[in-house]
Amino acid sequence: MATYAIGDLQGCFESLRQLLGEIGFRESEDRLWFVGDLVNRGPQSLEILRFVKSLGDRAVIVLGNHDLHLLMVAEGRVKPNRKDTLGAILDAPDRDELLTWLRGLPLMHEDGEYAMVHAGLLPSWSIGKALDLAREAEHALQGSDWRALMAQMYGNQPDHWDDALAGYERLRTIINAMTRLRICTPDGHMQFSYKGGIEHVPRGYVPWFVVPGRRSADATVICGHWSALVLRKEKNLLALDSGCLWGHCLSAVRLEDRRIYQVSCPKLAD
């Protein structure tokens, strides 16, 4: 049995099929970890949701910002963006089943030396603390008052963690860090607008994973979200969003030996 972690799909189902052929995926034996952003901008988000859901416990998935965006659009909390490609899901006969399944997915997963989250972890969070915080937010997303959270989920503030945070501000900060974080100050103030490469990070900010003394550095964090990194493989980081949607590659790493697998992708978004 092998476990493969796979980067952001964003509706690129044909590229996923090619990648699974490249790695020789055995449905009865192997497991797949997905770093989130299963949907949006690519042409086959519905097919991806149906396929990944069909894998059952052979798949581990964490929620990404585009997955949460789908839930927000479906609930009428935000209007679709001009470049969204979510219509097929919203019109599907199994829409409610798929959306309920999606809302039940975790924000973070941990197994042995690996921890997986879509975007990143704030520097003051150990793996154990981050898991506890993820469970808080998941409980709210999956509970009976989940629509109340949806009404309060979007926003850029607070932009840093404080253990005294409570209510929707606390939940919003957890969700923002785990699904949107790329850069922060060394003391953990987040900035959400920057999407460029590591060499042009705004003054005063650094990539979240290079903050000195980051408390999650004793594990290998698997993440996606930051396509401008292309692919980053370090002792304690596997950043797997290699820009499939933008015409680069879809990447997977076999966790047992950290071998990288990639397939080239057509450009599907501007």
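Everything that follows concerns the structure shown earlier in this document.
About the cut-offs
Residues numbered from 1 in each chain as written. Predicted model: local features only at pLDDT ≥ 70, side-chain atom pairs only at ≥ 80, totals over all residues. Heavy atoms only, no water. Helix = DSSP H or I, 4+ residues; strand = E, 2+ residues; numbered from the N terminus. Rg over C-alpha atoms; globule rule 2.2 N^0.38 Å. Buried < 20%, exposed > 50% of the residue type's maximum accessible area, 1.4 Å probe, protein only. Contact = heavy atoms within 4.5 Å. Areas by Shrake-Rupley, 256 points an atom, 1.4 Å probe, with all protein chains shown as cover. Lys, Arg positive; Asp, Glu negative; His and termini not counted. Charge placed at Lys NZ, Arg CZ, Asp CG, Glu CD. Pairing = 2+ DSSP bridges. Axes fitted to C-alpha atoms, helices over the stretch in contact; angles between N-to-C directions.

Trainee: Just give me the short version of the overall build of the chain, but keep the residues and values in it.
Mentor: Along its length, the chain carries eight helices and 13 strands. Over its C-alpha trace the chain gives a radius of gyration of 17 Å, about what one expects of a compact globule, namely 18 Å for 270 residues. With respect to the three principal axes, the spread of C-alpha positions in the chain is 45 × 40 × 35 Å. Within the chain, buried positions represent 57% of all 270 residues. Counted over contacts in the chain with a minimum sequence separation of 6, partners at least 24 positions apart contribute 65%. Within the structure as shown, the chain displays about 11600 Å² of accessible surface, and the carbon and sulfur contribution to it stands at 47%. Of the charged side chains in the chain, 31 are positive and 35 negative, and the gap between their average positions amounts to 4 Å.

Trainee: Talk me through the sheet that holds strand 13 (residues 259–264); I want residue IDs and the actual numbers.
Mentor: Spatially, 3-2-1-12-13 is the arrangement adopted by the five strands of the open sheet, whose pairing is mixed. Edge strands, defined here as strands with exactly one partner in the open sheet, are strand 3 (59–61) and strand 13. Averaged over all adjacent pairs, the angle separating strand axes in this sheet is 20 degrees, with direction ignored. Relative to strand 13, helix 1 (residues 13–23) is tilted by about 140 degrees, and along the sheet it contacts strand 1 (3–6), strand 2 (31–34), strand 12 (249–254) and strand 13.

Trainee: Describe the environment of Arg26, listing the residues and the values that go with them.
Mentor: In this structure, Arg26 sits in the loop between helix 1 and strand 2. As a C-alpha pair, Arg26 and Ala2 span 24 residues in sequence and 8.9 Å in three-dimensional space. Look past the residues within four positions of Arg26 in its chain and what remains in contact with it is Met1 and Ala2.

Trainee: I'd like to hear about the environment of Leu102, residue by residue, with values.
Mentor: Of note, Leu102 is situated in helix 5 (residues 95–103). For the pair Leu102 and Leu38, spaced 64 residues apart in the sequence, the C-alpha separation amounts to 9.8 Å. Discounting chain neighbours no more than four positions away, the residues touching Leu102 are Leu49, Leu63, Asp67, Leu70 and Leu71.

Trainee: I'd love a proper account of the pairing of strand 4 (residues 108–111), names of residues and values included.
Mentor: Where strand 4 and strand 5 (residues 114–117) come together, four bridges link them in antiparallel fashion. Following the sheet pairing, Asp111 is matched in strand 5 by Tyr114. Between strand 4 and strand 5, which pair antiparallel and follow one another directly, the connecting turn spans two residues, one of which, Gly112, has a positive phi of 65 degrees.

Trainee: Could you give an account of the sheet that holds strand 11 (residues 237–239), naming the residues involved and the relevant values?
Mentor: Spatially, the five strands line up as an open sheet ordered 4-5-9-11-10, and their pairing is mixed. A single partner strand is all that each edge strand has here, and the edge strands are strand 4 and strand 10 (232–234). Direction aside, the axes of adjacent strands within the sheet are offset by 15 degrees on average. Pairing geometry for strand 5 and strand 9 (residues 220–223), over three bridges, is parallel. Bridge pairing links Met116 to Ile222 in strand 9. Together, strand 4, strand 5 and strand 9 form the strand contacts of helix 6 (residues 127–142), whose direction differs from that of strand 4 by roughly 140 degrees.

Trainee: I'd love a proper account of helix 5, names of residues and values included.
Mentor: Within helix 5, burial applies to Leu98, Leu99, Trp101, Leu102 and Arg103. Looking at the buried residues of helix 5, the elements they touch are helix 2 (45–54), strand 3, helix 3 (65–74), helix 4 (87–90), helix 6 and helix 7 (146–152).

Nothing here speaks to function; it is geometry throughout.
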